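# Architecture at a glance
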Amino acid sequence: MTKLTIVANIIANEDSIELVKTELLKLIDVTRTENGCINYDLHQDNENPAHFLFYENWENRELWQAHMANPHLADYMAATEGKVASFTLNEMANIS
């Protein structure tokens, strides 16, 4: 199976930056213990504090999909409903 890189961009509503940040930070420790998680790193844009980026590497797509079905992600979605202006996710493969 091929390693999978995930790049997730989250843009919080301007009035919800701290709430979204708090909820994103809650995901880190629990996700890093999940089967197949190689790294799970959250970044915040220096110029636009509403822009967050997760850079993740997983052993394979199946283990990442199992992560996506975990309750802590559902909890995040419920807590941030209506607080995120946009969300894009890219599944990437290393080609070098």
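The rules behind these values
By convention here, each chain's residues receive numbers from 1 onward along its written sequence. Totals for whole chains, interfaces and linings use every residue, but because this is a predicted model, local features are given only for residues with pLDDT of at least 70 and side-chain atom pairs only at 80 or more, for both listing and counting. As a rule here, side-chain values cover all heavy atoms of the structure and leave hydrogens and water aside. Each salt bridge in this description consists of a side-chain nitrogen of Lys or Arg and a carboxyl oxygen of Asp or Glu lying within 4 Å of one another. Helix and strand definitions follow DSSP, with helices as H or I runs of at least four residues and strands as E runs of at least two, each counted in order from the N terminus. Burial classification: accessible surface area is computed with a 1.4 Å probe over protein chains only, and a residue below 20% of its type maximum counts as buried, one above 50% as exposed, and the rest as partly exposed.

## Thoughts on the pattern of salt bridges
- Taken as a whole and judged by the stated rule, the model has three salt bridges.
- Close ionic contact of E91 with R61 constitutes a salt bridge, the shortest N to O distance being 2.6 Å. With E91 in strand β4 (residues 84–92) and R61 in helix α2 (residues 61–68), this pair connects stretches of sequence that are 30 residues apart.
- Residue E91 is classed as partly exposed on the basis of its relative accessible area of 36%.
- Classification of R61 by relative accessible area gives partly exposed; the value is 35%.

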